[in-house]
Amino acid sequence: MSSTAIVINVLAGGCLVFALSKDRAKTKQSLKIAARSFFRILPTVLIIIILIGLLLTFVPPSEISRFVGEQSGFVGVLLVGLLGAVLHIPALLSFPLAASILKSGASVAATAAFITTLTMIGTVTLPLEIKELGKKMALLRNGLSFVIAIAIALIIGVIL
Amino acid sequence: MKEDMKQKQRKAMIRDYALLGIALIITVAILLVFPDRLDTVTTVSWEYFTEMMLILPAVMVIMGFFAVWVSGETVMKYLGKTSGIKGILLSVFIGALPMGPLYIAFPIAAALIKKGARIANIIVFLSAWACIKLPQELVELQFLGLEFMALRLVLTIIFVTIMGLFIERVIERGDKKETKFVGGKSGASV
């Protein structure tokens, strides 16, 4: 077990101990929510894991790195960023997916662009955002998010 | 309204399990054509599966804990009136608490604006809710390492703050223009 996994599990344990010492009924309720969300996200987790297995097996690293590797430069980052903006994958699952494309030859910048646009921009939730906050604010937030996501990705690419 | 949501979630879950079935069938079909790749696919998938299962239940417990213990009212109480650097940092921090999907945050944000909260804080709060969630950072740490996760986190906070201040300016300038225009009109009619 990696140290990260241990930290996460200890943190969860800490939450549980705190919860139990405060309020049993509420603890039960929060565990119910946890179990429900676990089984709700499970099929998508498995789909992504199968996809990663197929991707790393059948798509040679040279192909991946040709499109989104170091030498694909700015255009590669932009393409992956666009892909991340339109895809609708639970944010939690963008990380194993990103790790797999990084492993098979994508550049650090492209990987960062994928995660950042995927989590920051919500094309599916955009109508709701417009309804609640108005067209101007929602469009500004999502549009500018794309710009800063690319900027963040490029800086990470330079530093790491 | 709540029942409606539940129904929708159940439908989405059934759809996801159906998609999983389809994915499995396609994978089996592909592996029947390339039986020699079976080992690689199962090894890679198994590796990611164990890595995910070591953390996913714990992440869900943390999310469930915050969903019950931190309510929308708590958020309103803390974000309604703070300003300056403190307001921005508080927006990041509260937005990062795992309280559910982004669409829950929109009505909270709308209510905060009506109460007179700063636009910059609201933008930072929404962006933090979308992409600086505590469980997300933990999963990122697991799969991409401390350096990547920490750097991306710091850069995101900086850029989201800049974006928040910029959008605040744009929106407030727009509002001023509108009020001027309306004022001019009413002045003419007097």
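Bear in mind the structure is a predicted one, so any value in this text is a computation, not a measurement.

### Quick word on the overall build of chain A
For chain A, the count of helices and strands is eight helices and zero strands. Along chain A, helices (α) and strands (β) appear in the sequence α-α-α-α-α-α-α-α when read from the amino end. Taken over C-alpha atoms, the radius of gyration comes to 19 Å for chain A, far larger than the 15 Å a tight globule of 160 residues would show. If one aligns the C-alpha atoms of chain A with their principal axes, the spans along those axes are about 55 × 45 × 30 Å. Buried residues in chain A amount to 51% of all 160 residues. Relative to all contacts within chain A whose residues are 6 or more apart in sequence, the contacts with residues 24 or more apart total 71%. For chain A, the accessible surface area stands at approximately 7,400 Å², while carbon and sulfur atoms represent 72% of it. Treating the 13 positive side-chain charges of chain A as one cloud and the 5 negative ones as another, the clouds have centres 12 Å apart.

### A few points about the pattern of salt bridges
All names here are of chain A. Counting across every chain of the model gives six salt bridges over all chains. Arg66 is the salt-bridge partner of Glu63, the closest N and O atoms lying 3.4 Å from each other. With Glu63 and Arg66 both in helix H3 (residues 61-68) and three residues apart, this pair spans about one turn of that helix. The exposure class assigned to Glu63 is partly exposed, which follows from its relative accessible area of 31%. Of the charged contacts in the structure, one is a salt bridge between Arg141 and Glu129, with a shortest N-O distance of 2.6 Å. Residue Arg141 is located in helix H8 (residues 135-159), and its partner Glu129 is located in helix H7 (residues 126-133); the two are separated by 12 residues in the primary sequence.

### Structural notes on the packing of aromatic side chains
Residues and elements named next belong to chain B. A complete count under the given rule lists eight aromatic pairs over all chains for this structure. Both rings, one in Tyr48 and one in Phe143, keep their centres 6.2 Å apart while their planes meet at 5 degrees; by these two values the pair is stacked. Taken as a pair, Tyr48 in helix H2 (residues 38-69) and Phe143 in helix H7 (residues 134-189) lie far apart in primary sequence, 95 residues in all. Exposure remark for Tyr48: the relative accessible area of 3% places this residue in the buried category. Between the aromatic rings of Phe65 and Trp69, the centroid separation amounts to 5.2 Å while the plane-to-plane angle is 20 degrees, which identifies the pairing as stacked. A residue pair is termed a helical-turn pair when its members lie 3 or 4 positions apart in one helix, as Phe65 and Trp69 do in helix H2 at four residues.

### Considerations on a positive patch on the surface
A cluster of basic side chains, namely A:Lys28, A:Lys32, A:Arg36, B:Lys6 and B:Arg10, defines a positive patch on the protein surface. Contributing elements (two or more residues each) for the positive patch: helix H2 (24-58) of chain A together with helix H1 (2-33) of chain B. Among the elements that line the positive patch, the one with the most residues is H2(A), at three residues. Mapped onto the elements, B:Lys6 comes out in helix H1.

### Quick look at the interface of chain A and chain B
Of the residues lining the interface, 75 residues belong to chain A; the matching set on chain B comes to 74 residues. The contact between chain A and chain B buries some 6,800 Å² in all, and 83% of this surface belongs to carbon and sulfur atoms. Summed over the shared surface of chain A and chain B, the number is one salt bridge. Across the pair B:Glu47 and A:Lys103 runs a salt bridge, and its minimum N-O distance is 3.1 Å. The tally of links between chain A and chain B comes to eight residue pairs in polar contact (both at pLDDT 80 or more). If you tally residues by element for the side of chain A that touches chain B, the top one is H2(A), at 26 residues. When its residues are assigned to classes, the side of chain A that touches chain B shows 50 nonpolar, 16 polar and nine charged.

So, how was this worked out
- Residues numbered from 1 in each chain as written.
- Chains lettered and ligands numbered in written order.
- Predicted model: local features only at pLDDT ≥ 70, side-chain atom pairs only at ≥ 80, totals over all residues.
- Heavy atoms only, no water.
- Helix = DSSP H or I, 4+ residues; strand = E, 2+ residues; numbered from the N terminus.
- Rg over C-alpha atoms; globule rule 2.2 N^0.38 Å.
- Buried < 20%, exposed > 50% of the residue type's maximum accessible area, 1.4 Å probe, protein only.
- Contact = heavy atoms within 4.5 Å.
- Areas by Shrake-Rupley, 256 points an atom, 1.4 Å probe, with all protein chains shown as cover.
- Lys, Arg positive; Asp, Glu negative; His and termini not counted.
- Charge placed at Lys NZ, Arg CZ, Asp CG, Glu CD.
- Salt bridge = Lys/Arg side-chain N within 4 Å of Asp/Glu carboxyl O.
- Phe/Tyr/Trp six-rings, centres within 6.5 Å; stacked < 30°, edge-to-face > 60°.
- Patch = residues over 30% accessible without salt bridge, like charges linked within 9 Å, V, L, I, M, F, W, Y side chains within 5 Å.
- Buried area = accessible area lost by both parts, 1.4 Å probe.
- Polar contact = N/O pair within 3.5 Å; in protein donor to acceptor, adjacent residues only side chain to side chain.
- Nonpolar A, V, L, I, M, F, W, Y, C, P; charged D, E, K, R; others polar.

Function cannot be inferred from these measures alone, as they are strictly geometric.
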